[in-house]
Amino acid sequence: MDVIMSVLTPENLLLILAGVIIGNIFGCIPGLNAPIAVALVLPITFSMATLPAICLIMGLYMGSVSGGLVSAILLKIPGTAASVATTFDGYPMAQSGRATEALSHGALASVFGGIFSSICLLLLAPFLSKMAIGFGPWEYFATATLSLVLVCVMLRGRVLKGFIAVCIGLLLKTVGSSPVDGVATRYTFGNYNLETGFNLIVVIIGVFAIPEIIYSIKNIHEKTKPMPVKKRLFYLPKFSSIKKNVNIMIRGSILGTFIGILPGMGGGAASLISYAQAKRTSKTPEKFGTGCEEGIYCCESANNATTGGALIPMLALGVPGDTVTAIIMGALALQGLTPGPLFSMNNEVLFKSIIFSVFIANILMFLYQIVTIRYMAKITEVKKSYLYPWVTAFCITGVISINNNLFDLLYLIVFGIIGYVLDKNDYPIAPFILSFVLGGIIEENLRRSIINHNTFMGAMQNVGFGTVFVVLAVLLPLFYAINYIRRERKSVHKA
Amino acid sequence: MKRKLLIVLVMVMTMLVSACSSQQTDSTNKDREEMNGNTASDEGSTKENDDDKGSQAFTMTKDIKIVVPFAAGGVTDIPARIFAKYMDKYSDVKVEVINITGGKGGSAGAKEVQKADPDGTMLVSQPVAFPMMHALGIQDFTYEDFEPVGQWLNSTLAVVVKADSAYETMDDLIAAAKADPGQISMGSVNGTLPFFAILEIGAQGDATFKMADLAQTNKSSELLGGRVDGYVDAIGAVRQFIDSGEFRCLGVITDVEVAGYEDIPTFAELGFKDFGYLKQVQGLWAPKGTPKETVDYINELMKLAAEDEECQAEFANLAYKTSYMSVDDYTTFMKETYATFQEKAKLVTGK
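The following refers to the structure shown. For clarity, every value in this text was computed on a predicted model and none was experimentally measured. (Residues numbered from 1 in each chain as written. Chains lettered and ligands numbered in written order. Predicted model: local features only at pLDDT ≥ 70, side-chain atom pairs only at ≥ 80, totals over all residues. Heavy atoms only, no water.)

Structural notes on the sheet that holds strand β8 (residues 230-234) of chain B
Residue and element names in this part refer to chain B. Put simply, the rule reads: Strand pairing requires that DSSP identify at least two bridges connecting the strands. Numbered from the N terminus, helices here are DSSP runs of H or I no shorter than four residues, and strands are runs of E no shorter than two. Here an angle of 0 to 180 degrees is reported between the N-to-C directions of two axes, which are lines fitted to C-alpha atoms, with helices fitted over the stretch in contact.
Here we have five strands laid out as an open sheet, ordered β7-β6-β8-β5-β9, and mixed in their pairing. Two strands bound the open sheet, and with one partner strand each, they are β7 (210-213) and β9 (247-252). Recorded for the sheet is a direction-independent mean angle of 30 degrees between the axes of neighbouring strands.

This is the structure:
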């Protein structure tokens with residue numbers, strides 16, 4: 001009760017709401033994302049008391065993770081890796097005149113995922129953090145590799161192109177200094193700006209936003225037909241569609257929470273894997289990618305569930321699950337608090353208040369989103385000649401604000417061209433982005449496992465789910481290839 | 001409707017730009033105004049130091065930005081933000097931390113400062129990574145390419161094993177590594193100070209450890225999961241596990257006992273020698289050519305902040321210590337540190 005009362009003061013509620021709104025704006029704008037939003041308010045939280053500071057930060061965190069869906073659905077420009085998968089069905093749905101519907105599905109799935117994972121955090125944090133301990137370098141390597149393979153194999157009809165996109169992504173990910181030892185600098189051509197490699201956010205904006213801007217030039221004067229938007233106070237998805245998608249949301253949330261717990265994997269991997277998984281198990285997989293509800297529910301519940309997931313190892317072990325939680329840990333440290341095994345015992349009220357503030361932040365985020373949908377959806381009605389110059393400006397501002405480094409703009413253009421070429425030739429973008437998200441984890445942890453077990457085969461003999469995953473990652477594409485050849489032969493025979 | 005939307009967009013844009021450029025202010029503005037209501041008037045007298053005002057009379061007119069070359073909220077960033085707050089308290093101008101990340105071991109941030117105007121408005125926080133990265137041949141600049149200003153942070157490393165480990169003391173650990181060379185795995189992030197610490201323990205104990213590389217963020221879970229036998233990290237990062245009884249600390253790499261952990265043997269007590277370089281210290285560097293008055297002025301600010309009791313308390317809370325050195329002492333210290341790491345790097349490169 002103390003917990004609830006301590007969070008539910010007007011001051012704290014206002015701070016959460018402010019956090020949610022600012023976070024949402026940061027999430028919507030390509031290039032600005034949760035880590036930037038949280039890092040920017042960090043100095044403000046300095047002078048605040050602990051709980052209000054946490055309320056503000058949690059509001060920002062939830063708001064910005066969820067805000068990404070707005071630009072993903074309306075403009076096909078995901079602000080963060082987490083909302084990449086949302087573009088697949090959200091954008092086609094918005095294009096067919098159902099923008100408000102798409103946004104309301106997204107908002108509902110988001111709040112479901114967020115609340116699901118915060119309940120997991122409350123009830124299962126000590127237990128689930130044990131799971132994180134069980135993950136060593138070998139298991140990280142195996143999980144990340146299998147994730148890449150899964151996303152490719154599930155791309156019906158474009159599997160080979162998917163693997164090619166993965167390879168291009170992995171190759172570009174190797175630019176920079178080698179992980180673990182930092183001795184070799186690869187493909188930097190003597191430019192120190194390239195030593196840390198390409199920034200993921202810049203890559204995402206380059207690959208998604210730039211081609212979209214180029215396409216928009218073609219029909220810049222085209223007038224978009226105004227959509228029939230009923231003037232309602234807020235929009236909720238139809239009850240029947242919620243009922244139909246509860247299973248998908250639960251599965252997405254479990255997956256998201258699980259992936260959120262593993263440091264480094266994050267919302268991008270969670271939503272893409274969830275999307276692939278939902279497509280695989282769906283009765284109507286052919287509808288995916290054309291603007292179906294399931295496609296939005298599965299990825300939005302998964303990416304929001306990673307927030308609670310990422311907080312689990314942070315609060316229980318002092319191991320941050322993603323970049324944002326790393327900064328939140330910093331903010332707590334500035335308050336003189338060290339998250340770790342003793343945290344929930346020594347600061348029980350604060351521990352529960354943090355979780356409760358996540359809860360409230362999710363609810364406020366949902367309310368904010370369903371109320372603003374009406375205005376957000378109007379963006380699609382803006383004339384392209386007005387809209388896209390603004391989008392371009394936002395993208396550029398966003399990219400610069402990541403590192404305060406102008407060099408990032410140069411390779412933004414390069415990745416824009418790569419994205420355009422891939423898209424024009426019908427190469428799937430999702431595996432490309434995912435290989436960028438996971439490539440670093442794969443390489444680092446492969447090297448670490450080889451150091452720990454002396455050889456690769458030494459690591460393979462370390463029988464556990466790590467080894468099983470690696471074997472699966474090799475066998476799955478093989479099975480697919482054999483199946484494909486058989487089918488081809490049959491059809492040749494028939495002919 | 002369209003006009004309304006445009007107005008909203010413009011507002012968002014303005015907010016965004018202001019958020020990006022100002023990096024937010026903090027609440028100490030008020031204090032500053034109270035402290036020096038007079039200083040705002042004598043603006044414009046900075047660079048005209050020709051009339052020999054002396055360092056006492058010297059004041060800055062432009063805000064001081066301390067560049068932390070790593071991400072916000074990290075182990076380098078947090079103490080820097082706390083320290084900047086107290087420097088700000090004693091300064092006429094605003095002192096704030098910005099993060100410029102990138103390059104190996106924070107080289108992008110250092111290079112930005114190297115290029116900046118030498119007027120004391122851009123400083124880089126020097127982590128211990130700089131001398132190490134230079135010794136390993138990864139960074140191409142040294143303190144000589146900057147004007148060293150002073151030191152401000154001191155933190156101690158600790159050697160930990162699991163509480164149920166067979167190694168009760170440092171001697172047990174070294175004896176085990178001697179008996180079974182290369183089989184006892186000690187974790188650290190490659191090329192960081194703990195990495196050198198393990199090499200030094202091995203060299204002085206005549207033992208060989210297996211050097212396991214840990215990810216920057218989840219070192220503790222590797223030990224909890226039993227995938228390494230022990231690791232070395234800042235005491236501030238591991239003390240929660242020592243307090244919770246999950247880790248056992250075999251020794252702290254310092255010659256004075258750590259407050260609150262007096263029963264943990266120090267490296268001096270354990271009989272180690274020449275471990276003075278294994279300290280996580282941080283200093284400030286200004287661009288080459290910064291006038292002496294400016295450097296002295298900032299050094300004075302660092303002294304005031306380091307001696308501030310509240311600042312010391314905040315640092316102690318995170319198991320850090322404030323540290324102060326005069327410009328000359330710090331420059332000498334940098335020279336020695338670079339020389340020592342040059343020597344120690346041979347343990348790694350084997351040359």
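Okay, back to it.
Here's the deal with the pairing of β9(B)
Residue and element names in this part refer to chain B. Where we set the bar: Here's how the labels work: a residue is buried when its accessible area is under 20% of the maximum for its type, exposed when over 50%, partly exposed in between, all with a 1.4 Å probe on protein chains only.
In terms of residue burial, β9 counts as a mostly covered element, since six of its six residues are buried. Looking at chain direction, strand β5 (residues 157-162) and β9 are connected through five bridges and run antiparallel. In the sheet register, V160 faces β9, and the bridge partner there is C249.

As for the pattern of salt bridges
All names here are of chain B. Rule in force here: The salt bridge definition used is simple: a Lys or Arg side-chain nitrogen within 4 Å of an Asp or Glu carboxyl oxygen.
For the structure shown, the criterion picks out 18 salt bridges over all chains. When the shortest N-O distance is used, the salt bridge between D77 and R81 registers 2.8 Å. Of this pair, D77 and R81 both sit in helix α4 (residues 77-90), four residues apart, roughly one helical turn. Relative accessible area serves as the criterion here: at 0%, D77 is assigned to the buried category. In this structure R81 comes out as buried when scored by relative accessible area, which is 7%. Put simply, E314 and K85 hold a salt bridge, and the shortest N to O gap is 2.9 Å.

A look at the side chain of B:S221
Heads up, the condition is: Pairs of residues are marked as contacts when any of their non-hydrogen atoms sit within 4.5 Å.
Within the secondary structure, B:S221 is located in helix α9 (residues 219-224). Ignoring anything within four residues of it in the chain, the contact list for B:S221 reads A:I133, A:V319 and B:R227.

Some details on the packing of helix α8 (residues 200-218) of chain A against helix α16 (residues 407-424) of chain A
Residues and elements named next belong to chain A. Worth spelling out the cut-off: The crossing is said to be left-handed when, going from far helix to near helix, the turn is anticlockwise and less than a right angle, and right-handed when the turn is clockwise. Polar here means any residue other than Ala, Val, Leu, Ile, Met, Phe, Trp, Tyr, Cys and Pro, which are nonpolar, and Asp, Glu, Lys and Arg, which are charged; Gly is therefore polar.
It is the contact of α8 with α16, at a shortest axis distance of 7 Å, that shows an interaxial angle of 60 degrees. The crossing of α8 and α16 is right-handed. Contacts between α8 and α16 involve V202, V203, I205, G206, V207, I210, P211, I214 and Y215 from the former and D408, Y411, L412, F415, G416, G419, Y420, D423 and K424 from the latter. For the contact of α8 with α16, the per-class residue count stands at 12 nonpolar, three polar and three charged.

Re the interface of chain A and chain B
Note the cut-off: When two parts are brought into contact, each loses some accessible area as probed by a 1.4 Å sphere; the total of that loss over both is the buried area.
Each side of the interface is counted separately: chain A has 56 residues, and chain B has 60 residues. Counting each side, the surface lost to burial between chain A and chain B is near 4,900 Å², with a carbon and sulfur contribution of 66%. In terms of surface lost to chain B, no three residues of chain A exceed A:F46, A:Y192 and A:W390, which account for 13% of the buried area on that side. Where chain A packs against chain B, one counts one salt bridge. For the salt bridge of B:D213 with A:R448, the shortest nitrogen-to-oxygen distance reads 2.7 Å.

What about the nonpolar core?
To keep it simple, the criterion reads: Residues belong to one nonpolar core when they are buried, are Ala, Val, Leu, Ile, Met, Phe, Trp, Tyr or Cys, and are joined through side-chain atoms within 4.5 Å.
Membership of the largest hydrophobic core comes to 213 residues, with the highest contact counts inside it found for A:Y61, A:L438 and B:M87. Listed in part, the 31 residues of the second largest apolar core include B:L157, B:F196, B:V232 and B:F272.

So yeah, pure geometry; function would need other evidence.
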